[in-house]
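# Summary of the model geometry
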Amino acid sequence: MTAPIDAHVRLDTHPTHPSAVQAVVTGSQAHIAVMALEAGGWSVITPGVLVLARINHEEPYWANDAATHLVAEGITVDFTPQLREAIDEEWTWPNYPMPWCTRSEIREVSQQAQKIHDDIHHGQLLIHAHAHDGHTTVAVGTYLHRGGKSVYLHGEDHLRQIAYTFDSPAQALLAFEKVHAAEMRPGPAPLTDTEREAIAARSVSDDTTAKSAPAPAKPETVPIYLADSGDHDALLDNFLDAHGEFEKWRTWTDDTTHAIHESQTLRIERVHETPAHETAWTVAAYETPVSERMWVLTATGATPAPLLQNLLTHLADGEGWDTALGTPVNEKRVTEATQPLSSAGWKHTVDGRWIRWTSSDGNAGIQFDAFAAQHPSQNQATWTLWAGTGPDQGRPTWSIVASPQTPSSLLASLAESLAHETGTRQVRRGREPKTSLASSPPPGPAATTGPPAGRSR
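Reading guide: rules and limits
Residues numbered from 1 in each chain as written. Predicted model: local features only at pLDDT ≥ 70, side-chain atom pairs only at ≥ 80, totals over all residues. Heavy atoms only, no water. 1 Å grid on protein atoms, 1.4 Å probe; cavity = no way out; pocket = protein on both sides within 12 Å on 5 of 7 lines; lining within 4 Å. Points joined across faces, edges and corners; volume = space filled by probe spheres on them. Helix = DSSP H or I, 4+ residues; strand = E, 2+ residues; numbered from the N terminus. Nonpolar A, V, L, I, M, F, W, Y, C, P; charged D, E, K, R; others polar. Buried < 20%, exposed > 50% of the residue type's maximum accessible area, 1.4 Å probe, protein only. Arc of directions from axis to C-beta. Pairing = 2+ DSSP bridges.

### So, empty space enclosed by the protein
Here the structure, examined in full by the defined rule, presents 2 cavities of 30 Å³ or more. The volume enclosed by the second largest cavity comes to roughly 30 Å³. Where the lining of the second largest cavity is concerned, the elements lending two or more residues are strand 20 (383-387) and helix 12 (408-420). For the lining of the second largest cavity, the element with the most residues is helix 12, which contributes 3 residues. Looking at the lining of the second largest cavity residue by residue, the classes come out as 7 nonpolar, no polar and no charged.

Here it is, written out as structure tokens:
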């Protein structure tokens, strides 16, 4: 068993940089943790404070990876809730130019781009010249180690990659000039916004960063299913303040809040501090205060706030609680629940027991399980509303799951929101690609190919 080390690392999101991570290290053996973090690409800002700022915006993932290694060495590591949320967040690059890549493959591509950036930043890859090929930045350079291989680089930031290798700088420059003579400029290309921001986060203290860092991007309007999750606790508090017919109850641990209707036949449970993909809300309706559930609906922690707001508003209207137990879920009820989606032109498909309606952009959908619907008394998951990855393809960004007897009017209200309403989303700067990288690098200089110089350490 590894002996404990007297070093404590507290990991948090950077106060101003959109995706960077900050580490505060304390303890009599703090230097051990500092050296381990520096070896992993972290930069010391002030004694005991380090920052991880990358051009591929994967800092939360690599911070979690660093924490795993530190803990294995016997170092104590804590995460703030906001960083834990960033680690759990699933996101993709919009309009990513290699759509066939899986999330792990995208991360591998961006990791190779990060290595190239780091080699240039640390003076290990000397850039001789650069140009713009009409789509993105290209450059030619030579590694001052690894056998002195010269390389042709294509792309910027998280999309930069080694397209060709050469045996000598002269060979590389001649081939590069042959293709890009008109646009060719000496030395490296000007820094991109992403590179400047990463360097700024690594180079200055928190106080200076707070004054000089660019302001975060303004929230953008998006379909409601892509909206931010927002503050669920504040959402519930506001609902209770506005609807006196619901009474608030807290459990003895304060981990959970219950909102119970005065009739005692509708109950809302909110579990606080829930990870994004776990159940954070449970709504259940009862025929009488002491009977079994008529229906139940759950929502995960990342469910968009405006969608939850619409759900609570519908519940406050007091309609549709008294669905008769044992009533079959027939075609009429399914049609009523999904009419807004059909009217909005969502794609309708049937796959065995599952019927699905999917948005035109493929980012959201509703799934009906015809098999589960035949067992209305068992409260099985019959309806699934989701965004991101479909429920049959992995873990969605968020999901709402409902039992067979969930009122059609409630489901139709949620479907209406998905089909027509909007919300806001705070986009982390840099996650919108600035350049377009073709499926494969465009025709470049003739070269002697070999193992990419930047693909291994």
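### Looking at helix 6 (residues 193-203)
Three- or four-residue spacings in an α-helix give side chains the same orientation, since the helix completes a turn every 3.6 residues. Looking at helix 6, one finds that the buried residues are T194, E195, E197, A198, A201 and R202. Relative to the axis of helix 6, the buried residues are bounded by an arc of 165° and lie together on one face.

### Some thoughts on the pairing of strand 14 (residues 266-271)
The side chains of a regular strand alternate, first on one face of the sheet and then on the other. Residue alternation in strand 14 divides its side chains into a buried set, L266, I268 and R270, and an unburied set, R267, E269 and V271. By the bridge criterion, 5 bridges tie strand 13 (residues 256-261) to strand 14 in an arrangement that is antiparallel. Paired with T257 across the bridge in strand 14 is R270. Hairpin connection from strand 13 to strand 14: 4 residues lie between these consecutive antiparallel strands, with Q264 at a positive phi of about 65°. Sheet topology note: the strand 14/strand 15 (residues 279-286) ladder contains 5 bridges and is antiparallel. Its bridge partner lying in strand 15, L266 is registered against A285.

### Section: the sheet that holds strand 9 (residues 161-166)
Spatial ordering of the open sheet is given by 9-8-7-6-10, a layout of 5 strands whose pairing is antiparallel. The open sheet has two free edges, formed respectively by strand 9 and strand 10 (185-186), since each of these has just one partner strand. In this structure, strand 6 (residues 125-132) lies alongside strand 10, joined through 2 bridges in antiparallel fashion. Looking at the pairing, H130 lines up with R185 of strand 10.

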